[in-house]
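Remarks on the overall topology
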Amino acid sequence: MSNSIQECQRCGTCCRKGPPALHIQDKELYLSGVLDKMHLITLRKGEYVFDNIQNRIEQLPEEMIRLKTREGASPCLFLDESTNNCNIYSDRPAECRAMKCWDTEGIINTYAGYRLKRKDLISADSALWEIILEHENSCSVQDLQEWVQEFKNEEREEALTQLSGIIDTDLRIRNFLQERTGADTASMEFVLGRPLDKLLPGLGLRVEFTEGKYRFQKIGV
Ligand code: SF4
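Let me begin by describing the structure that accompanies this report. Just so you know, these numbers come straight off a predicted model, no measurement behind them.

So, how was this worked out
- Residues numbered from 1 in each chain as written.
- Predicted model: local features only at pLDDT ≥ 70, side-chain atom pairs only at ≥ 80, totals over all residues.
- Helix = DSSP H or I, 4+ residues; strand = E, 2+ residues; numbered from the N terminus.
- Near = placed C-beta within 6 Å.
- Nonpolar A, V, L, I, M, F, W, Y, C, P; charged D, E, K, R; others polar.
- Axes fitted to C-alpha atoms, helices over the stretch in contact; angles between N-to-C directions.
- Parallel < 35°, antiparallel > 145°, perpendicular 65-115°, else oblique.
- Contact = placed C-beta atoms within 7 Å.

It is worth spelling out the environment of V207 at this point. Residue placement: V207 occurs in strand β7 (residues 205-210). Between the C-alpha atom of V207 and that of D197, which follows or precedes it by ten residues, the distance is 7.0 Å.

Here it is, written out as structure tokens:
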């Protein structure tokens, strides 16, 4: 990296590569309302995600919360692409503050710090937390991955039944939450993470629901 740059040029390059994960220093941004559920996505333990600091895909050893991207694209939700301005610049998260493309020491240190989890933002006494726990117990990413692997090794009826069941349960809990709290789809990605059927293509399976049942098909290698 060239050392000729010594201050942020507001070129927007780092914001276009992807949004930051949230750290403990960012908790106040959520509590004060700068960040709302609809701005956040939970990436759950076991998910494969592109890590834009390490520039590689990694499997998460524990969950993390990240700002969302723009719909179907990689830039951060808060980047105004016409001006390269950050819409929450004075309240931007810790990783954004630490990011200096001419000197990576700050971002490496911040990145290594504790990342926020849902339990840091949602009360353990709340009904919402109970739903999250039920979802984690019955629809874990790890279980999904194991049944996908079973199905890919040998397309057995048992794997098909289990995969259909776990996807159905995920959907049922989301519908329940929506009915009970009026939570919109945008907030759901923070509360319960991405729907399990959306994780399947990354695991090499396509799913369709036709004639009253799920049909799975291997894709890729
Ligand atoms: S919060 Fe602002 S500074 Fe951080 S990545 Fe998004 S647009 Fe860029």
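With respect to spatial proximity, the complete set of residues near the ligand consists of C15, P19, P20, L67, C76, F78, L79, C86, I88, R92, P93 and C96. For the shell around the ligand, the residue count by class is eleven nonpolar, no polar and one charged.

This part covers the packing of helix α6 (residues 127-138) against helix α8 (residues 157-181). Closest axis-to-axis distance for the α6/α8 pair is 10 Å, and the angle between their directions is 170°. Our classification of the angle between α6 and α8 gives roughly antiparallel. Residues I131, E134, H135 and S138 of α6 form the contact with α8, whose participating residues are T169, I173 and L177. Of the residues contributing to the contact of α6 with α8, the split by class is three nonpolar, three polar and one charged.

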